[in-house]
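Here are the chains, one letter per residue:
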Amino acid sequence: DAEITQSPRHKITETGRQVTLACHQTWNHNNMFWYRQDLGHGLRLIHYSYGVQDTNKGEVSDGYSVSRSNTEDLPLTLESAASSQTSVYFCASSESIRGPQHFGDGTRLSIL
Amino acid sequence: DQQVKQNSPSLSVQEGRISILNCDYTNSMFDYFLWYKKYPAEGPTFLISISSIKDKNEDGRFTVFLNKSAKHLSLHIVPSQPGDSAVYFCAASEPGNQFYFGTGTSLTVIP
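Residues numbered from 1 in each chain as written. Chains lettered and ligands numbered in written order. Predicted model: local features only at pLDDT ≥ 70, side-chain atom pairs only at ≥ 80, totals over all residues. Heavy atoms only, no water.

Chemist: Could you clarify how one ought to interpret the pairing of strand 7 (residues 62-67) of chain B in this entry?
Modeler: Both faces of the sheet carry side chains from a regular strand, because those side chains alternate between them. Residues and elements named next belong to chain B. Taken together, the four bridges between strand 6 (residues 56-59) and strand 7 define a ladder with antiparallel strand orientation. Its bridge partner lying in strand 7, Asn57 is registered against Val64. Counting the residues between successive antiparallel strands, the hairpin from strand 6 to strand 7 contains two residues, one of them, Gly60, with a positive phi of roughly 65 degrees. In this structure, strand 7 lies alongside strand 8 (residues 72-77), joined through six bridges in antiparallel fashion. By the bridge assignment, Leu66 is partnered in strand 8 with Leu73. (Pairing = 2+ DSSP bridges. Helix = DSSP H or I, 4+ residues; strand = E, 2+ residues; numbered from the N terminus.)

Chemist: How should the state of the cysteines be read in this particular structure?
Modeler: Covalent bonding between the sulfur atoms of two cysteines is what defines a disulfide. Residues and elements named next belong to chain B. Using the criterion set out here, one finds two disulfides over all chains in the structure. At a sulfur-sulfur separation of 1.9 Å, the disulfide partner of Cys23 is Cys90. Disulfide Cys23-Cys90: the torsion about the S-S bond is 70 degrees, which places it as right-handed. Linking Cys23 in strand 3 (residues 19-25) with Cys90 in strand 9 (residues 86-93), this pair joins segments that are 67 residues apart in sequence. Classification of Cys23 as buried rests on a relative accessible area of 1%. (Disulfide = S-S within 2.5 Å. Buried < 20%, exposed > 50% of the residue type's maximum accessible area, 1.4 Å probe, protein only.)

Chemist: What am I meant to see in the sheet that holds strand 1 (residues 4-7) of chain A here?
Modeler: Sheet strands associate in pairs through backbone hydrogen bonding, adopting either a parallel or an antiparallel arrangement. All names here are of chain A. Here four strands make up an open sheet; going across it, the order is 1-3-8-7 and the pairing antiparallel. Edge positions in the sheet fall to strand 1 and strand 7 (64-66), since each of these pairs with one other strand and no more. Between one strand axis and the next, the sheet turns by 20 degrees as a mean value, whatever way the strands run. Two strands pair when backbone bridges link them, and strand 1 and strand 3 (residues 19-25) are joined in this way by four bridges, in the antiparallel orientation. Paired with Thr5 across the two strands is His24, which belongs to strand 3. (Axes fitted to C-alpha atoms, helices over the stretch in contact; angles between N-to-C directions.)

Chemist: Sorry, what's going on with the nonpolar core here?
Modeler: Generally speaking, soluble globular proteins have nonpolar side chains that are buried together. Residue and element names in this part refer to chain B. Ranked by internal contacts, the top residues of the largest apolar core, which has 24 residues, are Val4, Phe33, Trp35, Leu73, Leu75 and Tyr88. Elements with a contribution of two residues or more to this core: strand 3, strand 4 (32-38), strand 5 (45-51), strand 7, strand 8, strand 9 and strand 11 (105-110). Of all the elements, strand 9 adds the most residues to this core, at four residues. (Core = buried A, V, L, I, M, F, W, Y, C linked by side-chain atoms within 4.5 Å.)

Chemist: Help me understand the interface of chain A and chain B, please; the structure alone is not making it clear to me.
Modeler: Buried accessible area, meaning the area lost when the parts come together, often serves as the stated size of an interface. In this assembly, 18 residues from chain A lie in contact with 22 residues from chain B. Summed over both sides, the interface between chain A and chain B buries roughly 1,600 Å², with carbon and sulfur atoms accounting for 56% of that surface. A per-residue breakdown of the area chain A buries against chain B is headed by Leu43(A), Arg98(A) and Pro100(A), which together make up 39% of the total. Seen at the junction of chain A and chain B, the total is one salt bridge. Residue Arg98(A) pairs with Asp31(B) through a salt bridge whose shortest N-O separation is 2.3 Å. With three residues, strand 5 (residues 42-51) of chain A is the largest single contributor of residues to the side of chain A that touches chain B. Within the side of chain A that touches chain B, the residues separate by chemical class into six nonpolar, eight polar and four charged. (Contact = heavy atoms within 4.5 Å. Buried area = accessible area lost by both parts, 1.4 Å probe. Salt bridge = Lys/Arg side-chain N within 4 Å of Asp/Glu carboxyl O. Nonpolar A, V, L, I, M, F, W, Y, C, P; charged D, E, K, R; others polar.)

Chemist: What am I meant to see in a nonpolar patch on the surface here?
Modeler: Residues and elements named next belong to chain B. On the surface, a nonpolar cluster with roughly 230 Å² of combined accessible area is contributed by Ile18, Ile20 and Val78. Its place among the elements puts Val78 in the loop between strand 8 and strand 9. Assessed through its relative accessible area of 42%, Val78 is described here as partly exposed. (Patch = residues over 30% accessible without salt bridge, like charges linked within 9 Å, V, L, I, M, F, W, Y side chains within 5 Å. Areas by Shrake-Rupley, 256 points an atom, 1.4 Å probe, with all protein chains shown as cover.)

Scope: geometric values only; no functional claims are made or implied.
Shown next as structure tokens:
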């Protein structure tokens, strides 16, 4: 069965460190998305990609970057982690740009 | 500013009764709406969608209603089952643009 997996599931790091969260999907979807979930805000879009070598900024992209070198993976990098980036991060993919998205199970990131 | 709002953080319903989850939006350009269900420690899963050319869409026990003039949509679950206990998110988008999510409503179905 096709799936979307995120790793690690939990991570604790220190402010100022670079952190990369992995997202791998076997749906063969061109469209991939990164969200963060925070209390009182729901899910907010960080970055998204509509295909290889395509990346776009979402609503809350400051301090984050992504790269898309193949169809399956969209890693999310925090260049210099800040305590405000403590959150639960979800990766998603979809067959069509505005279609229903398949989500991974999330990465809980704590920045101390 | 939150463009999609779910004003009820939580809802409790007896098993077998109807659950009604509400969602309001502010952007009149939104024309496509989705509902997702989320269990703890899992990602959201797609439940049902509706486009603005319709005012109702049904899928089994789940029905979504859209009132464009009021900028309001609701998800009805009939009959509610204990396995429906989860957090429900609505999401909305306008053509060519991202989805905006609400803050979620935690539904508890009491056996």
